[in-house]
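Now for the letters of each chain:
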Amino acid sequence: MGYIDRIIDESETDFSAVKEQANKAGQLTTLKLDEYLLPGFIDLHVHAPQWPNAGVALDRPLNEWLDTYTFPLEAKYADVDFAKRVYDNLVTELVGNGTTTVLYFGTTHNQANLELAKACMNHNQRGFIGKVAMDNPDQTPDYYRDASAESAVADTETFIKQMMELNKTADIQQTPVITPRFVPSCTPASLKGLGRLARKYDLPVQSHCSESDWENGFALEHYHKRDAEVLDEYGLLTDKSVMAHGTLLNQSDLDTFKERGVAVAHCPISNVYFGNAVLPVSKLLKQNVKVGLGTDISGGYSPSLYQNIRQAVMSSRMLHDGVNSQLDPAQRGTENDAISARNGFYLATVGGAKSLHIKTGQIKAGYLADLQVVKSPMPSFNEETMDQIFEKIIYNASKDDVKQVFVQGRLAKG
Ligand code: GUN
Ligand code: FE
C-alpha cells in the first residue's frame, strides 16, 4: 500500500521521519492495535459561510438555490460575531473529519474572512482563503454585492495585505486566494483586475468552472465564449488555479487546463445535485490534468472527504463503459471511467497537494507531517491484507473513528 501503514517498525525510514516530526509536539502516542496512520485530507472546495445550510434545498436548481438560500445566508457575514461562531464550528468539524488543508471561499466581507483565517490558526488547520468577488449587478442581489469592480479588486488587495500581516504570528501559514465567484457573478472589469492581482502577487486563484449548463450558457450568451475561455482571457487560469466542478469541460477546455497547469476540484456529492453530470476523473488524470477532491459545502451536504471519496467512486461507476450513453461521449466520458477507493483516496491526498503546490498528502520523509490516526471502524473476523483493511476504512470510517489529527506535527484533534 502506498498511502496507509501502521507504524510497526521504527526502522522504516519514512515512518520514523514522520514520527519524529509529529513527536516534536510530543503528542503522537503509540498507535493502538486497530489504529492506522493516514495522510491528512485536502479539501479543495469549501464555501465556509454556507456551513449553516449544509443539506438545505439541494433539490432546487443552482441559480434558484443561490438566490433564495445562499446569498441571503452569505450576506449575514457582515456580522463579525456571527462569522466567528460559524467558522469556529466549521473548522472544528473539518479537522474532526481528518481534513488538514482546506481551500475556502469566504464572503465579500474582509473582517469575516479574517475570522476564518484566525479559526484555522486556532485549530491548527492550513487554510487557503478567498475574499469572494462578485460585482455584477445583473446576477447578484442588491444586499450582497461588491459596490463596484474597482472596490472588488481593491478589497481583494487589502485582504491579501491583511493576511500577510496575520501570517507574521501564524505557526501554520494561511494563504490568500484570488476568488472571482464565477463568470456570471463578475463584470469583465473585475475579472481583469483580479487576473492582474493574481500575477502581481503570484497567488492561487479559485472559481467555479463549467459546473452547470446554465453557467456555461451565460458565458456563451454574454461573451460568445465558454466560461473556461473567459477565465483564461483574463489571466485567471494559471498553474496555481483550482477550478471547482468542471463536469462540462470539453476537450478544448481540458487542453487549456493541461497547458496552463490548472487543477479541477472534483465535488462528487454536489455534482449529483447541481451538475447533472459526472466528472470523468480517469479521463482527466490520463490526460495529466490535476484533480483533487472537494466537499463544496453546502452544495455538498457533507463535511467528510470519506463520504466524498465514496460518492466519487459510485458516480464514476455510472459513467463506466457507456452506462450513461445518452450523454455526449465526447464531453462526458464513457469508457473505462470507473475509479477505485484508492483512486478516490489519491484525489483527497496527493491530488489536492499537487493542486495547491504543498508537500503533503503522502507519508514520506521530507513531507509535512499532516496526519490522521484512524481506528478501523469494522470488526475483523480473519486475517486481512492491508488492502482490505484500507478499503474497509475508506468505506466505513466516520468522524468518531478519526482519533487524532496533526498538521505540521501540531496536534489539531485528539
Ligand atoms: N456557483 C457560484 N456560486 C456557487 C456556490 O456557492 N456553489 C456552487 N455549487 N456553485 C456556485
Ligand atoms: Fe462551490
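Notes on the structure follow.

Calculation notes
- Residues numbered from 1 in each chain as written.
- Chains lettered and ligands numbered in written order.
- Predicted model: local features only at pLDDT ≥ 70, side-chain atom pairs only at ≥ 80, totals over all residues.
- Heavy atoms only, no water.
- Helix = DSSP H or I, 4+ residues; strand = E, 2+ residues; numbered from the N terminus.
- Buried < 20%, exposed > 50% of the residue type's maximum accessible area, 1.4 Å probe, protein only.
- Contact = heavy atoms within 4.5 Å.
- Areas by Shrake-Rupley, 256 points an atom, 1.4 Å probe, with all protein chains shown as cover.
- Phe/Tyr/Trp six-rings, centres within 6.5 Å; stacked < 30°, edge-to-face > 60°.
- Donors = N, O, S within 2.8 Å, 3.2 Å for Na, K, Ca; no water.
- Tetrahedral: all angles 85-135°; square planar, octahedral: opposite > 155°, others 65-115°.

**Some points on the overall build of the protein**
Thought 1: Within the protein, the secondary structure is distributed over 15 helices and 12 strands.
Thought 2: Within the protein, the proportion of its 414 residues that are buried is 61%.
Thought 3: Counted over contacts in the protein with a minimum sequence separation of 6, partners at least 24 positions apart contribute 76%.
Thought 4: Here the protein displays about 16,000 Å² of accessible surface, and carbon together with sulfur accounts for 48% of that area.

**As for the packing of aromatic side chains**
Any pair of aromatic rings gets described here by the distance separating the centres and the angle formed by the planes.
Thought 1: One pass over the structure, following the stated rule, counts 9 aromatic pairs.
Thought 2: Between phenylalanine 71 and tyrosine 144, the aromatic rings sit 6.0 Å apart at their centres with planes inclined by 55°, giving tilted as the arrangement. Of this pair, phenylalanine 71 sits in helix α2 (residues 62-75) while tyrosine 144 sits in the loop between β4 (126-133) and α5 (149-167), and the two are 73 residues apart along the sequence. Of the two residues, phenylalanine 71 and tyrosine 144, neither departs from the other in class, the shared state being buried.

**Quick word on the coordination of the iron ion (ligand 2)**
Thought 1: Every protein donor of the iron ion (ligand 2) is listed here as His45 (NE2), His47 (NE2), His208 (NE2) and Asp296 (OD), and their distances to the metal cover 2.1 to 2.4 Å.
Thought 2: Angles of 87 to 179° at the metal separate the 4 donor atoms of the iron ion (ligand 2), which places the site in the irregular class.
Thought 3: The buried category is assigned to histidine 45, whose relative accessible area is 1%.
Thought 4: Judged by relative accessible area, aspartate 296 falls into the buried class, the value being 3%.

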